[in-house]
Every structure is written in structure tokens, then in C-alpha cells.
Amino acid sequence: MRILLLITSFNSLSQRVYCELKELEHKVYIRIASQKNLKNEIEELNPDIIFCPFLKEYLPKNIYDSYPTFILHPGIIGDRGHNSLDHDINEEKESWGVVILKANEELDGGDIYASSNFSMRTTNKGSIYRNEVCDATSIALKELLKNLANPNFQAIRQIKNEIHHTLKTKDREIDWQKDNTKTIIKKINMSDSFPGVKEIFFGINCFIYGVSEEEKFRGEPKEIIAKRDGAICLGTIDGAIWISHLKEEGGIKLPATYVLKNKIKGIKEQRIPLILESEFQVKRKTFHEIYVEKNDEVAYLYFDFHNGAMNSEQAIRLKYTIEHLKEDCKVLVLMGGDNFFSNGIHLNILEDSKKQGEDGWSNINAMNDVVKSVLFAEDIITVASFSKNAGAGGVFLGLACDFTIAREGVVFNPHYKTMGLSGSEYHTYSFYKRVKKDIVDEVLRKCIPIGAFYANRIGMVDEVFEKEKYFSSLEFFCQKLILDENKYDDFIDEKKDFLFDNEKFINSCKENELKKMYPEFWNKGSSFHKLRREFVYKIKNEVIIKRLKEL
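Everything in this summary refers to the structure shown in the same document. Note that the coordinates shown come from a computational prediction; the quantities given were computed from them, not determined experimentally.

A few words now on a nonpolar patch on the surface. Side chains of Ile77, Ile156 and Ile159 sit close together on the surface and give an oily, nonpolar patch of about 240 Å² of accessible area. Judged by relative accessible area, Ile156 falls into the partly exposed class, the value being 46%.

Right, here's the structure in full:
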């Protein structure tokens, strides 16, 4: 089937849909809904159907009248209007879902061709979208294709409920003198990713993102009582919360301490251990980014950095954590975070920096140090657990491991070109070691997103496990590595020999990568600085539109 994806942007959901349709061997095209001459391009493509997994624009009538057009709505049957997930979280629904509707002149009013429901978690909107909504969309999309192939299928009429109102800034505002901790967390969670909760700190108008509860510290409502690793802790009427990120009005999202800077100079940095053991985590609620769970001689290392981005300081902490755990386990599993495995260097911090070249160079070298600590972990077996999406240097951090495991539905973006970078993180060693050169070259050149099953097919990942059984399958896989002590010892001996024989070559790969990257960071006229700015400020450019047309 010839399927056109008509989207506002190529976000995580759109990429998931693209990869799965490709794996189902459909001919897939992508167009941005706001681009010029859209109707003419659609006529040239002449798709069998148009599917809109992420669409903010209203479609012209001459498009959906000419082609069967279906729109994904992140709501249950009968839900209509914008801010669907926001309302869902605000109203504390126990379950929610997605529907695929036939496009017509009514907002979310078309006939329903597929749907899928899911249980809600108490978490932020972005996490629900990247996990439950994406998984439900995958199920509904397959149902849509099945129903379209069935000549006897009858669509369900949408329930014409009243369209819920669009949430305004005032609907999200925190009343620090009345709202308890639970209410504050809910308001921030329902506004996460976009638009954030508007607030004023020290005369700075900004938006709040990333909240977690604090169990120990206490202070007056809205009083900043502590800071840690870029986050700030504020008192509430019945407890305290941590805020990880702020966005100054008209600015970009940054760690909270970066925005407030010298205004919180006297606030104490409340440090915690480099690694939180799982028992410690269960006993106490607080803001933390790195923790480990242990099962016999297997250590599962979580590094939950906001949006998967890792700045120099975070990379250094992660490297020291890995070095420490090498002495304390036989198998080290890199787990990533709740929403991303990793996406490499921190572009927002580099955009904010007054020394972009210097800080960018520091960031990529710190990432390389993390990868090196994994690559040369000669006394243990390392496993990458890609249970969430990964991009750029985050992909190659995982590929540095001895084994790579992926959850079905995960999307990889193992490339740098869209950011004007040639890339490092030893990718010219690890990627080419696993995958045929012509395939790697095409992925890097075209910036192709890759689904888990295709990644397995080309050798990029070793195993793909079902979503429902992922963690039990991962645990079984890791325990099996140490079940036979003789096999384990043989593997370690072979690994040591290989690293000894190839250390010089592996390091030369990194050095050659850095030689190419040096001018990309330090030359003020390099495309990296322009493309990074457009990405951070979400500025659409013709280069991205052209690339999507070529996928």
C-alpha cells in the first residue's frame, strides 16, 4: 500500500509509525502539512491513504475529499478537542486511549476506524505520549490496515460529545498557598513538554518542567531550599518538590540552576551518593539521575537524564559510576532512562553557552570517555538495554556494549548529519563492526530512523524482546551469561585478547572522528551552530523538509 504520512513534525510517534509501516513493507512517504504546494505534491504521490499521526494544522477539504485520510487522536471514543492528554491527567483518569478517525470538517468528529486503550500511570504527559500513546497507536494502526482490507468492515460513528475547552495558562497556574504537593505535581505533569507551568522566580518569567517529590527537606511554599545537579527544591504547604528544568519566557529549556544562576548562589547543594542503590531509592523520594539495581552478580544501571541529553558533568558522573560498578559485578546492563535510553550531547546547554565551541568540545570528549569506559570494560560483560528510543551518540554508547537488546517498538536514530556533525563516540568502530558498510553508509547519509526489528535484521542489535515480557526476558538473558562459569571465563579471556590486539585501532577510530569534528565545534560558521539553533528553537527549515521527502 502507498501510504502518505502527513505530519506537523517528525516526532517520536511519527517515527514509530514510519518504521513500523516500513517493516510491514508498505511504500511510505512523508510530507510536512505546512509546506508549500502540498496539494500538488500529494497529487503527484497519489497515495492509497493518508495517515496523520501528529497533526496540529487543519487539513484543507480538498485533501480529505480526494484521498482517504485518517487522523490519530490521543483520546478515547467520544473525546474531542485539543489538550486531550492534559485533561486526562488533570481529571486523574484511570484509563485512556487513542482513536483513528476519518478526516472530515468536524474537529475529531469523523467515523472511527480503529482504537486502542491503555491504563494510565501517575507521570508526566511526555512520558505517557512516548510510551502508552505510541504503543496504543501501533496497535490501532495495524487494526486500521486490517479494517481497510476488509470489505465488510463498518466504521463506528464518533460520539458527538461536547468539544472540551483548550486549557489556558490560568488553568495550569500554581497557587502555592493553597495547592498541596499532589496538586502541584499534577499541574506540572499535565503541562510537561508543552506549554509548561508559568511562574515567576526572582522577577524572571519562566515555565516549569520536570517535577519529582522530595521526602526529607521542608520549607515555606515556593521557597527554594536546596539544589542538586541542576535542579531546585521548593517547599509546598505539605512537603517539597524538585523542579529539574525552567524555560525563561522567549528562551529555551535549561536546567533550573542555569536559568536562575547567581540568584540562588547561597542555596546549599544537597548532594547524594554517586549511585543510589534500589533499596535507598524505594525508601526515599528525591531527585536523582543515576541509580542501580542489583540481582546477584548483574547490575542494572539507570541514567535518567532529561530528554536523554547528557552534558559534560553528567557524562563524567556516569563514567565514574561505570568504573565503580566494574569492580562490583560480572554483568553490567546499561538501562538508560524512563523515556529515552540516551540521545548524546546536550544541545540546549551548548546553545545557551557563551563558549559554544569550547563547551561542545568538552561535551563530546566527556561522552567519548563514557563510551571508552564501556568499550574497555575487559573484566565484565556489558549489555545495552534499549527499552526506550535512542539517538546520535546515545545509540553508539549502547553499541559499545558486548551485547545489545531492544524492546519491540523502539526507534533508533544512529546519525548526526541533521545537526551538521560527523559524529564521534567510537561509532566508526562499533557501528561498522556490527553492520555492513553499505548499510551504515546509507543510514548515516540519509539519516534514516531504524525500528527494532530492522536493527536486529542488519546486526545492530542482537535480540528483540516483546514489550510485555521485556524485562523478564532481559533478566533471563543476563543471568544466562553467568550461568556457566567456564563459558563466562572463556568469553572474558577472548575479550581481553581482542581488546589487547585492537586497542590501537579502536583508539585511532576515535581520534580520526575528533579530527573531523574539531572544526564543526570551533568554526563559528559551521553548519552545526546554525542547525543546532534551529533545532533548539524549533525552527522549520527546508533542509529537514527535503530530507523527509527522501526517506
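Next comes the rest of the description.
What follows concerns the packing of aromatic side chains. In total, this model carries 21 aromatic pairs according to the counting rule given. Each ring, one from Phe403 and one from Phe491, has its centre 5.6 Å from the other, and the planes form 25°; the classification is stacked. Remark: Phe491 occurs in helix α18 (residues 485-522) and Phe403 occurs in strand β20 (residues 403-407); sequence separation between them is 88 residues. Lys253 extends its terminal NZ or CZ atom over the ring of Tyr209, reaching a point 4.2 Å from the ring centre. Between the NZ or CZ atom of Lys319 and the centre of the ring of Tyr320, over which it lies, the distance is 4.6 Å.

What follows concerns the state of the cysteines. A complete count under the given rule lists 0 disulfides for this structure. Among the cysteines around Cys329, which has no disulfide bond, Cys478 carries the closest sulfur, lying 10 Å off.

Turning to the sheet that holds strand β15 (residues 298-303), a few remarks are in order. One open sheet holds the 7 strands; their spatial order is β13-β14-β15-β16-β18-β20-β23, and the pairing between them is mixed. Because the sheet does not close on itself, it has two edges, and the strands there are β13 (276-277) and β23 (463-465). Pairing geometry for strand β14 (residues 290-295) and β15, over 6 bridges, is antiparallel. Counterpart to Tyr291 in the pairing with β15 is Tyr302. Here helix α17 (residues 470-483) sits on the sheet in contact with β14, β15, β16 (331-336), β18 (381-386), β20 and β23, set at roughly 170° to β18.

Further remarks concern helix α20 (residues 542-550). Each turn of an α-helix holds 3.6 residues, which means side chains three or four residues apart point in the same direction. Ile545, Arg547 and Leu548 are the residues of α20 that are buried. One side of α20 carries all its buried residues, which in axial view fall inside an arc of 160°. Turned more than 90 degrees away from the buried face of α20 sit Glu542, Val543 and Lys546, all of them exposed. Where α20 is buried, its residues meet β2 (27-32) and α15 (437-446).

The rules behind each value
Residues numbered from 1 in each chain as written. Predicted model: local features only at pLDDT ≥ 70, side-chain atom pairs only at ≥ 80, totals over all residues. Heavy atoms only, no water. Patch = residues over 30% accessible without salt bridge, like charges linked within 9 Å, V, L, I, M, F, W, Y side chains within 5 Å. Areas by Shrake-Rupley, 256 points an atom, 1.4 Å probe, with all protein chains shown as cover. Salt bridge = Lys/Arg side-chain N within 4 Å of Asp/Glu carboxyl O. Buried < 20%, exposed > 50% of the residue type's maximum accessible area, 1.4 Å probe, protein only. Phe/Tyr/Trp six-rings, centres within 6.5 Å; stacked < 30°, edge-to-face > 60°. Helix = DSSP H or I, 4+ residues; strand = E, 2+ residues; numbered from the N terminus. Lys NZ or Arg CZ within 6 Å of the ring centre and 35° of its normal. Disulfide = S-S within 2.5 Å. Pairing = 2+ DSSP bridges. Contact = heavy atoms within 4.5 Å. Axes fitted to C-alpha atoms, helices over the stretch in contact; angles between N-to-C directions. Arc of directions from axis to C-beta.

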